[in-house]
Amino acid sequence: VLKLVVLISGTGSNLRSLLEASQDAQFPARVVAIGADRDADGLALGEEFGIPTFTVPFTAFPDREAWGTELIAQVRLWEPDLVILSGLMRLVPAAVVDAFSPHLINTHPAYLPEFPGAHGVRDALAAGVDQTGASLIVVDNSVDGGPIIAQERVPVLPGDTESSLHDRIKPVERRLLIQAVLDIANSHLDLKELAR
Ligand code: GAR
């Protein structure tokens, strides 16, 4: 069984879908811990699903590197096979990439390399495109430029707001994420090979 540590900043709705999937005894992965860089709403899922949580508050450290060092220590305690950034809204420092990549993946609400960064949904809307998407990538030292594991198009509809569009993208992200976890667990997807 693949051991997952999931890192969040927000509501953790994609995390919830992973937790629900892993309630099935046949699912080949388990979330062993949930971590956050702040007092994220999604940490409540830990209590709901009986999963340990930890917080490494970004603002409690003098710089990104010091934060990253503590994050590495906290994540390593759980000896994960895979670390998932599921709405972690911080760039991780190079030491975190070195520690975990290519077993460090990120979900992103756009069709990368289109609209990288913290505002993928807003930027797609502002650009006036008629389709955007969802992507799952291996984290490297670029901003959302790592190898693409899976991605899928999502239409932008007339009258879409950032939240209506994001709500249409998230279920696609969840599907891509769960499929990738299955594929990794069943050795149908080799992140080392992908990142080579
Ligand atoms: C997701 O759409 C995820 O792709 C995005 O934050 C959302 C988290 O939602 N991440 C990024 O934009 C990273 N740059 P959730 O907390 O409801 O799962």
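Residues numbered from 1 in each chain as written. Predicted model: local features only at pLDDT ≥ 70, side-chain atom pairs only at ≥ 80, totals over all residues. Heavy atoms only, no water.

Some thoughts on helix 5 (residues 120-127)
- Looking only at helix 5, the buried set comprises Gly120, Val121 and Ala124. Projected down its long axis, helix 5 carries its buried residues within an arc of 100°, all on one side.
- Against the buried residues of helix 5 lie strand 5 (104-108), strand 6 (131-138) and helix 6 (162-185).
- Where helix 5 terminates, the next one or two residues include glycine 128, which has phi positive at roughly 75°. (Buried < 20%, exposed > 50% of the residue type's maximum accessible area, 1.4 Å probe, protein only. Helix = DSSP H or I, 4+ residues; strand = E, 2+ residues; numbered from the N terminus. Arc of directions from axis to C-beta. Contact = heavy atoms within 4.5 Å.)

Digging into the site of the ligand
- With respect to spatial proximity, 14 residues lie near the ligand, and among them Thr11, Ser13, His166, Lys170 and Glu173 are the closest.
- At 2.6 Å, a side-chain N or O of histidine 166 approaches an oxygen atom of the ligand.
- Glutamate 173 places a side-chain nitrogen or oxygen 2.4 Å from an oxygen atom of the ligand.
- Its free accessible area being 450 Å², the ligand has 93% of it covered by the protein chains.
- Taking a 2 Å distance to the grid points as the criterion, the majority of the atoms of the ligand fall inside the largest pocket.
- Counting only elements with at least two residues in the shell around the ligand, the list comes to helix 1 (13-21), strand 5 and helix 6.
- It is helix 6 that provides the largest number of residues to the shell around the ligand, a total of three residues.
- A per-class count over the shell around the ligand returns two nonpolar, 10 polar and two charged. (Near = heavy atom within 4 Å. Polar contact = N/O pair within 3.5 Å; in protein donor to acceptor, adjacent residues only side chain to side chain. Areas by Shrake-Rupley, 256 points an atom, 1.4 Å probe, with all protein chains shown as cover. 1 Å grid on protein atoms, 1.4 Å probe; cavity = no way out; pocket = protein on both sides within 12 Å on 5 of 7 lines; lining within 4 Å. Sits in = over half its atoms within 2 Å of the grid points. Nonpolar A, V, L, I, M, F, W, Y, C, P; charged D, E, K, R; others polar.)

A short note on the UniProt feature "domain: Formyl transferase N-terminal" (unreviewed entry) in the protein chain
- Sequence positions flagged by UniProt for "domain: Formyl transferase N-terminal" (unreviewed entry) are, in local numbering, residues 3-181.
- Along residues 3-181, the helical share is 35% and the strand share 23%, with 10 Å between the first and last C-alpha atoms. (UniProt positions renumbered as here; feature names shortened; annotations may be inferred.)

Things to note about the nonpolar core
- Of all hydrophobic cores here, the largest spans 31 residues; its most connected members are Leu4, Leu18, Val31, Leu82, Ile84 and Val181.
- Within the residue set of this core, elements represented by two or more residues are strand 1 (2-8), helix 1, strand 2 (29-36), helix 2 (44-49), strand 4 (82-85), strand 6 and helix 6.
- Ranked by residue count, the leading element in this core is helix 6, at five residues. (Core = buried A, V, L, I, M, F, W, Y, C linked by side-chain atoms within 4.5 Å.)

Points about the layout of surface pockets
- Taken as a whole, the largest pocket holds about 840 Å³ of empty space.
- Lining the largest pocket we find 40 residues, and of these Gly87, Leu88, Met89, Gly117 and Ala118 sit closest to its centre.
- Secondary structure elements with two or more residues in the lining of the largest pocket: helix 1, strand 5, helix 5, strand 6 and helix 6.
- With four residues, helix 6 is the single largest residue contributor to the lining of the largest pocket.
- For the lining of the largest pocket, the class distribution of residues is 14 nonpolar, 19 polar and seven charged. (Points joined across faces, edges and corners; volume = space filled by probe spheres on them.)

Re the packing of helix 1 against helix 6
- Viewed as axis vectors pointing N to C, helix 1 and helix 6 meet at an angle of 45°, and their least axial separation amounts to 9 Å. What the angle tells us is that helix 1 and helix 6 run oblique. The crossing of helix 1 and helix 6 is right-handed. Here Ser13, Asn14, Ser17, Leu18 and Ala21 of helix 1 lie close against helix 6, whose contacting residues are Lys170, Glu173, Arg174, Leu177, Ile178 and Val181. (Axes fitted to C-alpha atoms, helices over the stretch in contact; angles between N-to-C directions. Parallel < 35°, antiparallel > 145°, perpendicular 65-115°, else oblique. Left-handed = near helix turned anticlockwise from the far one by under 90°.)

Regarding the pattern of salt bridges
- A complete count under the given rule lists eight salt bridges for this structure.
- Between glutamate 48 and arginine 16 there is a salt bridge whose closest N-O contact spans 2.9 Å. A residue pair is termed long-range when its members are at least 10 positions apart, and glutamate 48 in helix 2 and arginine 16 in helix 1 qualify at 32 residues.
- The partly exposed category is assigned to arginine 16, whose relative accessible area is 29%.
- As a salt-bridge pair, aspartate 160 and arginine 168 come within 2.7 Å of each other at their nearest N and O atoms.
- Assessed through its relative accessible area of 25%, arginine 168 is described here as partly exposed.
- One network of salt bridges, with partners in common, ties together Arg16, Glu20 and Glu48. (Salt bridge = Lys/Arg side-chain N within 4 Å of Asp/Glu carboxyl O.)

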